[in-house]
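# Residue-level structure breakdown
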Amino acid sequence: MEDDAPVIYGLEFQIHIIDFDDENNIINKNVLLHQVGEIWHISASPADKGVLATCYNKPSDSKVLTCAAVWRMPKELEPGSHESPDDSSSPAHTLELLCHLDDTAHGSVACVVWEPTGDGRRVISLADSHILLWDLQESSSQAVLAGSASLEGKGQLKFTAGRWSPHHTCTQVATANDTTIRGWDTRSMSQIYCIENAHGQLVRDLDFNPNKQYYLASCGDDCKVKFWDTRNVTEPVKTLEEHSHWVWSVRYNHSHDQLVLTGSSDSRVILSNMVSISSEPFGHLVDDDDLSDQEERRPEEKSQEPPQDSVIATYEEHEDSVYAVDWSSADPWLFASLSYDGRLVINRVPRALKYHILL
Amino acid sequence: MNFTNRTGLCSQHPDTIRKMKNDFRKMEDEMDRLATNMAVITDFSARISATLQDRHERITKLAGVHALLRKLQFLFELPSRLTKCVELGAYGQAVRYQGRARAVLQQYQHLPSFRAIQDDCQVITARLAQQLRQRFREGGSGAPEQAECVELLLALGEPAEELCEEFLAHARGRLEAELRSLEAELGPSPPAPDVLEFTDRGGSGFVGGLCQVASAYQELFAAQGPAGAEKLAAFARELGGRYFALVERRLAQEQGGGDNSLLVRALDRFHRRLRAPGALLAAAGLAEAATEIVERVARERLGHHLQGLRSAFLGCLTDVRQALAAPRLAGKEGPGLAELLANVASSILSHIKASLAAVHLFTAKEVSFSNKPYFRGEFCSQGVREGLIVGFIRSMCQTAQSFCDSPGEKGGATPPALLLLLSRLCLDYETATISYILTLTDEQFLVQDQSPVTPVSTLCAEARETARRLLTHYVKVQGLVISQMLRKSVETRDWLSTLEPRNVRAVMKRVVEDTTAIDVQVGLLYEEGVRKAQSSDSSKRTFSVYSSSRQQGRYAPSYTPSAPMDTNLLSNIQKLFSERIDVFSPVEFNKVSVLTGIIKISLKTLLECVRLRTFGRFGLQQVQVDCHFLQLYLWRFVADEELVHLLLDEVVASAALRCPDPVPMEPSVVEVICERG
């Protein structure tokens, strides 16, 4: 289990690599110094576990500019390597800069997203009103701008979030600016769909359903979480209104996409069970197991209730706004959330639900 | 004894007796002579009789011949007499003659001469029958004479069944004419006669006609038995059905109209009129069908009134919107919210009362159908109480709630004041109006029906829930308006290179102004509510919390970057002990709770926005000034002023954390700036 946590302490900026040993319930922490500035966004390469990208504020007296760069962490800190039995006395490690994703002409970078299933060479960065596609060459030491597109319109348009779809051979990216969600084709860098007024207020985060094409979740300042079918952008498929303040983060479980995690500045993390729009039809897993048993199981299945979307749990461990939530990439039943006060909470999906989904 | 006496007499008067003996002897002689005379007379008489006998017989014979001749003469003259009768129109006479001759002619038809007469008669009779039928068909003569025609035709031996048919066919012609004239009155253009006139006409024309036909038929064809009665019933059913169709078409034209009294009177006439043929024609079921029509119309009226109430409510809402949107003339205040609310409430109530009064006409005692089971039971309970009144209150709540999830997410087109007004309206319904209206309804419509009805408490709960949702939405909308102001003001400013603060930023004044305006607005409709008791000097409390030990502890260490962990730890420990602020707790029905909700949302937004920016020293100081200003003016609106402190504390502390050079302004200077305004 790995989680990267940007924490602001005065003027020193760090990346924490936290190892969670599920079996022994032990947490280990390694600190990486990020000397170039305050980190606003962080994302790990899907192909190389030692590589990550950050968006950071460049310290400046008169202006705040957010830049982006790709880094490599020291070998011994890579998750899963047990080379260094961590001793807290050891000095903080330093990141190795691979390349800058900077193009100062484009403005502040809001986020960097990696191509989800590629070889870790393609990256999108969102800088103000520009969407930039980078090709990382020479073992990521060189970033070449492969394509770009810009938002056109009146006023100061600014991307706030982006997400790369794992479907359609990774040719689609969704972005959010103000209340609008847009889809882009990375081959032509042109807009493919646009959800105007997706939320009443600013859209904070997006996530694609990993198992169901076209399905996209979004959340925002109107306290809502919405689920979209990008083929029909006039109406959301489903809307959740469980939070009482801005929803900052929304994440589908990687394996069981009915499990949706949201974090909000009402200090709560909510785990929802969105059965009705999941890729796993109700009773599907049972059905496919054994066809010969089908007849015996039918009546039993019918007597069960139709799928109901529900909130599974509300986690209240945080004392301040929760800004990030994510699922473990190793264990589908484990997730972490991070709040303003620097608290990282790791939770498990309730056992009863886990067995209900598995059996 | 007499003998004794006479013996006595004889013995006493021997002279008298002797004389008497003489007299007797004389008398005897005379008697003998008389006898002889009589014998002579008898002999003579016998001789005369014998002489006359032959002649007498001849005379008797002659008399018989004479009578026969007269009969024959009648028969021979019959054709011409019949012809004459027919020509003169004395059909009755003709039928009587024909009746007299028929049997004889029948008997002697083998004789050629009689045969000829019979043939003639038959021709004439056929003509007679034809003429009778003709007359019958022409119809101008009216039903009684027609009945006579039928009677005569029956006497002529026409087949009864055929006559039934013809009678009905003829009646049909007349009744259809009535129907046609009724239909003409329907017309494509707006109906000229009102509905009462229409049903009156239908009643006297068609229904009256039908009654006549039915009674005449029953009189004439009583001998036909059940088959004949069935024929009549089928006839009445068919024509009645067509009449009902016309009436319903006419009634349908009334659906839009408002006047129930005319309609009820018309229905009453319609229904009353059909009771007579109903009795005559029980089998045709016309009375039941008529009752059904009346019931259907009553149901439709209820639906119409419900629709009317709904649109009245929507009309009220439009009026309120217009009043709210009307530009305020300088010096002249528009109608206040309380006044608008009172207008809406009284307008709806009077509409409800008017509707109740209108549908109450259906149950008036003098109305012929009001004693039908439907109007005594279901109409009152399911129709009026549930369908109309409960239905309207529910639809009102629904309409009101629909403003909460309006599709226009961007603030929505609904003015917040309308939400507030509707919320109060629903709350008033919960507390008083619903039970008042339902009591009124139950009193007017004494419900005898045992079917379950919605209890007052359920309806009240629904109204309360609607009121709560509306008020919650109001808080969200107003909170959003202020939030947006604050968000824009934080997002668009360059906090790093801002100058040393000399003033409170205009946006903060605007926030306070708007909050005050909201406070006034809510105060117009909602009671004050309770505040948490504070120390007596709380009103004078300035934003000196920054100098409090708690605050010092909070971010003083951030001056010294050497101890960052401590700050964080301290802050966390503090949070453990301070109650977490629920940004959105359920709203209560009072002003303080509403304002608390709005201010919480706004300040939380300010906090989140501040955390996203980086501040220079003066930027931080500006935030300090702004927050102090907000503190000065916002505390009075909320239930627990500690809440405002906490949130504003958090704002300043967060700004300090986001500041590389956190040098706060002296509290005294902050105060001076804020006092200057």
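Please read all numbers here as calculations on a predicted model, not as lab measurements. Note on numbering: residues in each chain are counted from 1, in written sequence order. Chains carry letters and ligands carry numbers; both start at the beginning, A for chains and 1 for ligands, and go up in the order they are written. Owing to the predicted nature of the model, reporting of local features is limited to residues with pLDDT of at least 70; listing and counting of side-chain atom pairs is limited to 80 or more, with chain, interface and lining totals taken over all residues. By convention in this description, side-chain values take in all heavy atoms of the structure and omit both hydrogens and water.

Here we come to the pairing of strand 6 (residues 65-72) of chain A. Residue and element names in this part refer to chain A. With 6 of its 8 residues buried, strand 6 lies for the most part within the structure. Bridge analysis of strand 6 against strand 8 (residues 96-100) gives 4 bridges, and the strand direction is antiparallel. Bridge assignment links Val70 to a residue of strand 8, and that residue is Cys99. Only protein chains enter the calculation, and the probe is 1.4 Å; a residue is then buried if its accessible area is under 20% of its type maximum, exposed if over 50%, and partly exposed in between. Where helices and strands are cited, they refer to DSSP runs of H or I of at least four residues and of E of at least two residues respectively, numbered from the N terminus. Any two strands with at least two DSSP-identified bridges between them are counted as paired.

Phe167(B), Tyr243(B), Ile348(B), Phe379(B) and Tyr429(B) are the most contacted members of the largest nonpolar core, which has 178 residues in total. We call two residues in contact whenever any of their non-hydrogen atoms come within 4.5 Å of each other. If we skip the residues at most four places from it in the chain, Phe379(B) touches Ala298(B), Leu302(B), Val359(B), Phe362(B), Thr363(B), Tyr374(B), Val384(B) and Phe445(B). In terms of nonpolar packing, the next biggest core, distinct from the first, is built from 16 residues, Ala68(A), Val112(A), Trp114(A) and Leu136(A) among them. Think of a nonpolar core as a cluster: buried Ala, Val, Leu, Ile, Met, Phe, Trp, Tyr and Cys residues, connected wherever their side-chain atoms sit within 4.5 Å.

What follows concerns the confidence of the model for chain B. Residues and elements named next belong to chain B. Residue-level confidence of the predictor is summarised by pLDDT, bounded by 0 at the bottom and 100 at the top. Averaged over all residues, the pLDDT of chain B is 79; the fraction at 70 or higher stands at 83%. Counting interchain partners and residues more than four positions distant, the pLDDT-below-50 stretch residues 535-566 has 51 contacts. Here the complex is predicted with pTM 0.75, and the ipTM for its interfaces comes to 0.85.

Here we take up the pattern of salt bridges. All names here are of chain B. Any carboxyl oxygen of Asp or Glu within 4 Å of a side-chain nitrogen of Lys or Arg constitutes a salt bridge here. Considering all chains together, one arrives at 47 salt bridges over all chains under this definition. The salt bridge involving Arg172 is made with Glu238; its shortest N-O contact spans 2.8 Å. Here the residue Arg172 occupies a position in helix 6 (residues 160-186), and Glu238 occupies one in helix 8 (residues 225-254), the gap between them amounting to 66 residues. Note that Glu608 is salt-bridged to Lys604, the shortest N-O span being 3.6 Å. Within this pair, Glu608 and its partner Lys604 are both found in helix 20 (residues 591-611), separated by 4 residues, close to a single helical turn. In this structure Glu608 comes out as buried when scored by relative accessible area, which is 0%. Lys604 gets classed as buried once you look at its relative accessible area, which sits at 7%.

The next subject is the packing of helix 7 (residues 195-220) of chain B against helix 8 of chain B. Residue and element names in this part refer to chain B. Two elements in contact, helix 7 and helix 8, have axes separated by 11 Å at closest approach and are oriented at 180°. Comparing their axes, helix 8 and helix 7 come out roughly antiparallel. In terms of residue class, the contact of helix 7 with helix 8 is made up of 16 nonpolar, 6 polar and 3 charged. Each axis is a line fitted through C-alpha atoms, and for a helix only the stretch in contact is used; angles between axes span 0 to 180 degrees, taken between their N-to-C directions. Small angles under 35 degrees read as roughly parallel and large ones over 145 as roughly antiparallel, with 65 to 115 read as roughly perpendicular and the rest as oblique. Classification convention: Asp, Glu, Lys, Arg as charged; Ala, Val, Leu, Ile, Met, Phe, Trp, Tyr, Cys, Pro as nonpolar; all other residues, Gly among them, as polar.

Turning to the packing of aromatic side chains, a few remarks are in order. Residue and element names in this part refer to chain B. Aromatic rings from Phe, Tyr and Trp, with only the six-membered ring used for Trp, were paired whenever their centres fell within 6.5 Å, and each pair was classed as stacked if the ring planes differed by under 30 degrees, edge-to-face if by over 60, and tilted otherwise. The tally for this structure, following the rule as stated, stands at 23 aromatic pairs over all chains. Taken together, a centroid distance of 6.1 Å and an interplanar angle of 5° make the contact between Phe362 and Phe375 stacked. Of this pair, Phe362 sits in the loop between helix 12 (337-360) and helix 13 (373-376) while Phe375 is found in helix 13, placing the two residues 13 residues apart along the sequence. Residues Phe362 and Phe375 agree in their burial class; the two are buried.

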